[in-house]
Structures are given as C-alpha cells and as structure tokens.
Amino acid sequence: MNVLRPRLDIPLLIAIVSLITLGSMSVWSASGYSVPTLERHVARAMIALLALLFFSLIPAKTYRALTPHLFGLAIVLLLGVIVAGDTVNGAKRWLALGPIRFQPSEIVKVAVPMIVAWLIVRDPGRPGLQKIGLCALVTALPAGLIVIQPDLDGAIFTVMYALFVLYLAGMSWKIIGSVLAAVAATVPVMWFFFMADYQKLRVTQFLNPESDPLGAGYQIIQSLIAIGSGGVRGKGFMHATQGQLGFIPESHTDFIFSTFAEEWGFLGSAVMIALYLFISGRALWLAVNTASPFSRLVSGALAMSFFLYAFINLGMVSGLLPVMGSPLPFISYGGTAMITQGACFGIIMALCCGKQPVEATWSARTFSKA
C-alpha cells in the first residue's frame, strides 16, 4: 500500500497551484473573456495536476528501470511524426493517436535527462570524455529527429537537458569551456545553412525591433508597451487593453506575461517571478537532499529545465531575448506543454520525497553526499 501513496512536497505543490490559478485568470482576460478557451485551459490544468499525482505514485527504482524503455518510446514517436505527423504552419510536430493529439518532442523533456543520468550512474564517477561522448550520441538522435520537423528551438532545448545532467554530474570546466567554444563556432554555420528565414527574422527583430514596427518588430514593441503601461500596481484585473484589443498577437499563449504585467504591474510581476524562483529552488533543494545519484541528477536537471523555460519566455516578451516558441510554464494557454510540466514535477516528487536506499555516489557539483 505504501507504494501507491503519492509522494508530495506540499510547499512545491501549493506554489504550482498558485501559478496555475494566476494563469487561468490571465488566459480568461487575455482571450477576451472567452469561456471555451478558459474551459479548455482549466481542463488541461486539471489533467496536469492529475499527471503530477499519478507520476508521484511511481517508486524511484521503477523510473530507473523504465528509463531505456521511455527513451525508446520517445524515439519511436518522433519517427512516427516524420512518417504520419500533422503539419501545422509548415512544421510537422504533432502526432494523432485516435482522439489524442500531442507533440512527441514534449516526452523528450523527460526521456533525455533520464537516459543521460541512467548512463552516468551505471559507472559512478565524474563523467570523462568517453562517457560524455556516449551521452552526446544518445542525445543527438532525438535532437536530430526534432530538427527534421523542423524545430530548431526544440533541438537546442534537447541538448540543454543533457548538458544540465552532465553539469550536475561534475563535468569539468575545461570540457564545459570546450563545448561552449564549439557551440560559438557553429553559430555562423547555423545562420547560413540551417536557420530558416523566420528564425533569422527573430534575431534581427530582437536586435532592432524598431526597424520594422508594423511587421517583424510589431509583436515585441506592443509587448513592451503593455508591460510598461502596467506601471507599479497595474491597471487592474480585466482592465488590460493591449492584449484584449488585439494589439498583441498570441496574447493568451506565448505572450501572456505581457497582459499579466499590464493588469498587475511591477508588484504582480515580482510575485510571479518569485513563484518561479521558489519552485525552481525548492525542486533543486529536494534534489540535493535525496540519497540516490540517479534521482539527484534527474530531478536537478528537470528543475533547471523548468527555470530555463520560464527565463526564456520572460526574457523574450520583455525584449531581453529573441522571440522563441517557448510558452510560460503553467501560465500560457496550451495542452501538451502544461501536462508535461505536471508530469515532470510528479517525477521530481516521486524521486525526492520517498525513502530511498543510499547508493554509491561521487563528488559531483553541489550534489555530493560526501
């Protein structure tokens, strides 16, 4: 019976529910008070919470045993997208299985950190070149399949998931510096040979959005107007104008923070950012204090990935980063991404909140039990 008991961290769960509540209010306002949109958002939020509860039931040892199978499933589904995926706006990223339509790349958010951690803990110790090379090959397979869709942003995130695990496992700074140098060297190659025109446009409009205020720079300019017009205390709930009047495209999805900041101002934005910092920090704290190296690496990587998604979305809507297809976790209107985030935190709680046997460990960065 103990196996079926949810392993929950109540402070973390309360913070997640608070974000979902703020998100539902913002979706309602930004969508122009669309009842169907709100109903769909709330339904998906409930599914996300159910996913959190379900995945918190599974024992940590089961996750480790099922890791290779989960990774294999992710690869099969990505191949299924190439063969029979749905094309939307020129990209084939969706797969329909009966009435269920989802993005298999979302499963990669969980599968890649788990398989990399699984490979590392098989032979405890600081990851050397041979182990890093093996992890790179394993990561390259889903990343390559995601590039084909095409989804360059998703492929970059896939590599980041693996790098988070390797960093937490104690990868040396010399290797980290070499990787960063290699990435920097590939930027010109990516620009001239791999990046699509719309992706290049995102970079140029980030550097100078005023160069095309009615075209490519329109969205970010309107977003900055909305955020700035909120002032310190905001205009009040349901009193935003930029998003509701249609000045901000995608105002209830990727750019929902613009409407939130306009309504709740600097103070409300600070509260939201504080929730993101608390959730990320709490998840990392849980990871540090668990006994199993596998659990520490997976939970720490998932926590850092969550923070990365929030940081990128907040950065792009405020003009600090180029626009990317990255929703604001637990806030933006959407289905697959929110459910995946719920599952990720269910996995974190299952790995960190249950009693686990102490396994062999090593001096990994901030994750040492020595």
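Read on for a plain summary of the structure. (Residues numbered from 1 in each chain as written. Predicted model: local features only at pLDDT ≥ 70, side-chain atom pairs only at ≥ 80, totals over all residues. Heavy atoms only, no water.)

On a plain count of helices and strands, the chain comes out with 12 helices and 3 strands. Burial status across the chain gives 49% buried among its 370 residues. Sequence separation of at least 24 residues holds for 74% of the intrachain contacts in the chain that already meet a minimum separation of 6. (Helix = DSSP H or I, 4+ residues; strand = E, 2+ residues; numbered from the N terminus. Buried < 20%, exposed > 50% of the residue type's maximum accessible area, 1.4 Å probe, protein only. Contact = heavy atoms within 4.5 Å.)

So, on to the nonpolar core. If you look at the biggest cluster of nonpolar residues, it comprises 89 residues, and the most contacted ones within it are Ile 16, Leu 19, Val 116 and Phe 345. Ranked by residues supplied to this core, first place goes to helix H11 (residues 293-317) with 14 residues. Not counting residues within four places of it along the chain, the set of residues in contact with Leu 19 comprises Met 272, Leu 275, Tyr 276, Ile 279, Phe 306, Pro 329, Phe 330 and Ile 331. (Core = buried A, V, L, I, M, F, W, Y, C linked by side-chain atoms within 4.5 Å.)

With that settled, the discussion passes to H11. With 25 residues, H11 should cover 36 Å at 1.5 Å per step; its first-to-last C-alpha distance of 36 Å lies within 8% of that length. Its side-chain oxygen 3.3 Å from the backbone nitrogen of Phe 294, Ser 292 forms the N-cap of H11. Phi turns positive one or two residues past the end of H11, at Gly 319, with a value near 80 degrees. (Expected span 1.5 Å × (residues − 1). Polar contact = N/O pair within 3.5 Å; in protein donor to acceptor, adjacent residues only side chain to side chain.)

Taken as a whole, this structure holds 3 salt bridges when the rule is applied. Ionic pairing is found between Asp 9 and Arg 282, a salt bridge with its closest N-O pair at 2.7 Å. Placement of the pair is Asp 9 in the segment before helix H1 (10-30) and Arg 282 in helix H10 (residues 256-288), with a sequence separation of 273 residues. For Asp 9, a relative accessible area of 7% puts it in the buried group. Note that Lys 109 and Glu 106 form a salt bridge whose closest N and O atoms lie 2.6 Å from each other. Here Lys 109 and its partner Glu 106 are both found in helix H4 (residues 105-121), 3 residues apart, which amounts to about one turn of the helix. Residue Lys 109 is classed as buried on the basis of its relative accessible area of 7%. According to the relative accessible area criterion, Glu 106 is buried, its value standing at 8%. (Salt bridge = Lys/Arg side-chain N within 4 Å of Asp/Glu carboxyl O.)

Looking at the element boundaries, Ser 24 is found in helix H1. If sequence neighbours within four positions are ignored, Ser 24 has contacts with Leu 38, His 41 and Val 42.

Below, the discussion takes up the packing of helix H3 (residues 60-84) against H4. Packed helix pairs are specified by the crossing angle of their axes together with the interaxial distance, meaning the distance between the axes. Running from N to C, H3 and H4 cross one another at 135 degrees; their axes reach a closest spacing of 8 Å. Relative to H4, H3 is oriented oblique. In the packing of H3 onto H4, the handedness of the crossing is left-handed. Residues Tyr 63, Arg 64, Thr 67, Pro 68, Leu 70, Phe 71, Ala 74, Leu 77 and Leu 78 of H3 form the contact with H4, whose own contacting residues are Ser 105, Ile 107, Val 108, Val 110, Ala 111, Met 114, Ile 115, Trp 118 and Val 121. (Axes fitted to C-alpha atoms, helices over the stretch in contact; angles between N-to-C directions. Parallel < 35°, antiparallel > 145°, perpendicular 65-115°, else oblique. Left-handed = near helix turned anticlockwise from the far one by under 90°.)

Counted at 1.5 Å a residue, the expected span for H1 with its 21 residues is 30 Å, and the 30 Å between its end C-alpha atoms agrees. With a side-chain oxygen lying 3.1 Å from the backbone nitrogen of Leu 12, the N-terminal cap of H1 falls on Asp 9. Positive backbone phi, at 75 degrees, marks Gly 32, one or two positions downstream of H1.

This part covers the packing of aromatic side chains. Each aromatic ring pair is described using two quantities: the centre-to-centre distance and the angle formed by the ring planes. One pass over the structure, following the stated rule, counts 12 aromatic pairs. Taken together, a centroid distance of 5.2 Å and an interplanar angle of 85 degrees make the contact between Phe 54 and Phe 55 edge-to-face. The exposure class assigned to Phe 54 is partly exposed, which follows from its relative accessible area of 48%. Measuring from centroid to centroid gives 6.3 Å for Phe 260 and Trp 264, while their planes differ by 35 degrees, and the two rings are tilted. Here Phe 260 and its partner Trp 264 are both found in helix H10, 4 residues apart, which amounts to about one turn of the helix. On the accessibility criterion, Trp 264 (30% relative accessible area) is partly exposed. Connected via pairs of aromatic rings, a cluster forms that spans Phe 237, Phe 257, Phe 260 and Trp 264. (Phe/Tyr/Trp six-rings, centres within 6.5 Å; stacked < 30°, edge-to-face > 60°.)

Mapped onto the elements, Arg 126 comes out in the loop between H4 and helix H5 (129-148). For the pair Arg 126 and Leu 166, spaced 40 residues apart in sequence, the C-alpha to C-alpha distance is 9.0 Å. Of note is the side chain of Arg 126, whose polar atom sits 2.2 Å from the backbone oxygen of Gly 170.

Together, Leu 79, Ile 82, Val 83 and Ile 148 line one region of the surface with nonpolar side chains, adding up to about 370 Å² of accessible area. No other element matches the 3 residues that H3 contributes to the nonpolar patch. Here Val 83 lies in helix H3. (Patch = residues over 30% accessible without salt bridge, like charges linked within 9 Å, V, L, I, M, F, W, Y side chains within 5 Å. Areas by Shrake-Rupley, 256 points an atom, 1.4 Å probe, with all protein chains shown as cover.)

Remember that the coordinates give geometry; whether it matters functionally is a separate question.
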